[in-house]
Amino acid sequence: MAWGQNNAPSYSELLSAERPTVVLIGPGGVGKGTIAQRVVQQEPRTWLSRSWTTRAQRPSESGDEYVFVDRATFEQAIENDRFLEWAEFHGNLYGTPRPEPGDDRILLLEIEVQGAEQVVRADRDAVVILIEPPSMEELRERLEGRGDTPEHVATRLGSTAHELAIGRELAHYRVVNHEIDAAVDEILSILRGLR
Ligand code: 5GP
């Protein structure tokens, strides 16, 4: 179930923005990465930014998920003002490179809440969609399933309540990821219905 808030920008406001932006947020393990990829596959008016991170690549990752860099390289990029937003999350840096000008498709960002706060401060037309887990138990199972260590799983679960609380304040729409195809359909209908 998705529910919009009154202050959500209209679709025409979004598209007339200089850089139309939709931000997907939600706790780690909720499935927002997969959802974001499916949304861009199914909606050609969107494109997905590829973030930079200092986190180590997981064994389950192909290497395309992020630009994996060391901390010095990331800090130099901050210095050079290369990021639209960036944040430190559980000891690693994550950032969205400034997009090339001239792309009028909707920029889809899949980021954590501190970054979303920066985007919303800079762009009042940005639309924020929070992806929520069906339950904490299911979130734990998903985190364990992607190969993180038990310590990592515990740390990530420890910040979930806080991420959800801030996310609910920021979000124009909330979507519960019971089932991936249904969640993708809901997001597509939010995007297409922002008129
Ligand atoms: P993970 O390490 O699980 O891939 O990502 C951890 C968190 O960082 C997730 O909530 C993910 O959405 C977020 N994240 C990924 N890229 C970015 C980014 O460019 N900026 C920010 N602020 N968060 C990001």
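Our subject is the structure that appears above.
Scope of this entry: the structure provided in the associated data block. (Residues numbered from 1 in each chain as written. Predicted model: local features only at pLDDT ≥ 70, side-chain atom pairs only at ≥ 80, totals over all residues. Heavy atoms only, no water.)

1. Structural notes on the packing of helix 4 (residues 113-122) against helix 7 (residues 160-170)
What counts, and what does not: Each axis is a line fitted through C-alpha atoms, and for a helix only the stretch in contact is used; angles between axes span 0 to 180 degrees, taken between their N-to-C directions. Going along the chain from the N terminus, every DSSP run of H or I of four or more residues is numbered as a helix, and every run of E of two or more is numbered as a strand. Orientation labels follow simple angle bins: below 35 degrees gives roughly parallel, above 145 gives roughly antiparallel, 65 to 115 gives roughly perpendicular, and whatever is left gives oblique. For any helix crossing, the convention is left-handed if the near helix is rotated counterclockwise from the far helix by under a right angle, and right-handed if that rotation is clockwise. Contacts were defined at the residue level, with two residues in contact if any of their heavy atoms lie within 4.5 Å. Lys, Arg, Asp and Glu make up the charged group, whereas Ala, Val, Leu, Ile, Met, Phe, Trp, Tyr, Cys and Pro make up the nonpolar group; the residues left over, Gly among them, are polar.
At a minimum axis distance of 10 Å, the contact between helix 4 and helix 7 shows a crossing angle of 20°. One finds that helix 4 runs roughly parallel with respect to helix 7. Both helix 4 and helix 7 take part in a crossing whose hand is left-handed. Of the residues in helix 7, those in contact with Val113, Ala116, Glu117 and Val120 of helix 4 are Glu163, Ile166, Gly167 and Leu170. Grouping the constituent residues of the contact of helix 4 with helix 7 by class yields 5 nonpolar, 1 polar and 2 charged.

2. Some remarks on the sheet that holds strand 3 (residues 52-53)
Note the following rule: Any two strands are treated as partners once DSSP identifies two or more bridges connecting them.
If you trace the 4 strands from one edge of the open sheet to the other, you get 4-3-6-5, paired in mixed fashion. One side of each edge strand has no neighbouring strand; the edge strands of this open sheet are strand 4 (67-68) and strand 5 (83-89). Taken together, the 2 bridges between strand 3 and strand 4 define a ladder with parallel strand orientation. Across the sheet, Trp52 pairs through a bridge with Val67, a residue of strand 4. Each of strand 3, strand 5 and strand 6 (92-97) touches helix 3 (residues 71-79); the most contacted strand, strand 5, lies at about 140° to it.

3. What to know about the packing of aromatic side chains
In plain terms, the rule: Note on aromatic contacts: the rings of Phe and Tyr and the six-membered ring of Trp form a pair at centre separations within 6.5 Å, being stacked when their planes are under 30 degrees apart, edge-to-face when over 60 apart, and tilted otherwise. Think of it in three bands: residues with accessible area under 20% of the maximum for their type are buried, residues over 50% are exposed, and the middle band is partly exposed, with areas taken using a 1.4 Å probe on protein chains only.
Tallied over the entire structure, the rule returns 5 aromatic pairs. Judged by centre distance (5.6 Å) and plane angle (85°), the ring pair of Trp52 and Phe83 falls under edge-to-face. Highlighted residues: Trp52 in strand 3 and Phe83 in strand 5, separated in sequence by 31 residues. The same class applies to Trp52 as to Phe83, namely buried.

4. Quick notes on the pattern of salt bridges
Under the convention used in this document: Here a salt bridge means any side-chain nitrogen of Lys or Arg lying within 4 Å of a carboxyl oxygen belonging to Asp or Glu.
According to the stated counting rule, one finds 14 salt bridges in the structure shown. Between Glu132 and Arg168 there is a salt bridge, with its nearest N and O atoms 2.9 Å apart. Of the two residues, Glu132 sits in strand 8 (residues 127-132) while Arg168 sits in helix 7, which places them 36 residues apart along the sequence. The class for Glu132 is buried, based on a relative accessible area of 6%. A salt bridge links Glu138 to Arg142; the shortest N-O distance between them is 3.3 Å. Here the residue Glu138 and the residue Arg142 both occupy positions in helix 5 (residues 136-145), the gap between them amounting to 4 residues, near one helical turn. Judged by relative accessible area, which is 23%, Arg142 ranks as partly exposed.

5. Observations concerning the site of the ligand
The line we're drawing: Definition of nearness: a residue and a molecule or strand are near each other if at least one heavy atom of the residue lies within 4 Å of the molecule or strand. Polar contact is defined as a pair of N or O atoms within 3.5 Å, subject to the rule that within protein one atom must be able to donate a hydrogen and the other to accept it, and that residues adjacent in sequence are counted only when both atoms are side-chain atoms. Methods summary: accessible areas were calculated by the Shrake-Rupley approach with a probe of 1.4 Å, and residue burial reflects only the protein chains presented.
Close to the ligand lie 17 residues; Ser51, Arg55, Tyr66, Tyr94 and Glu110 are nearest. At 2.7 Å from a nitrogen atom of the ligand is found a side-chain nitrogen or oxygen belonging to Glu85. A distance of 2.5 Å separates an oxygen atom of the ligand from a polar atom in the side chain of Tyr94. Starting from 510 Å² of accessible surface for the ligand in isolation, the protein chains cover 96%.

6. Regarding the sheet that holds strand 1 (residues 21-25)
Strand order in the open sheet formed by 5 strands is 2-7-1-8-9, and the pairing between neighbours is parallel. Here the strands that pair on one side only, and so sit at the sheet edges, are strand 2 (46-48) and strand 9 (173-176). Taking each pair of neighbouring strands and ignoring which way they run, the sheet shows an average axis angle of 25°. Pairing between strand 1 and strand 8: 4 bridges, direction parallel. Pairing of Val22 across the sheet is with Val127, part of strand 8. Where helix 7 meets the sheet, it contacts strand 1, strand 8 and strand 9, and its direction lies at approximately 145° from that of strand 8. Those strands touched by helix 8 (residues 180-193) are strand 1, strand 2, strand 8 and strand 9, and its axis lies near 160° from that of strand 9.

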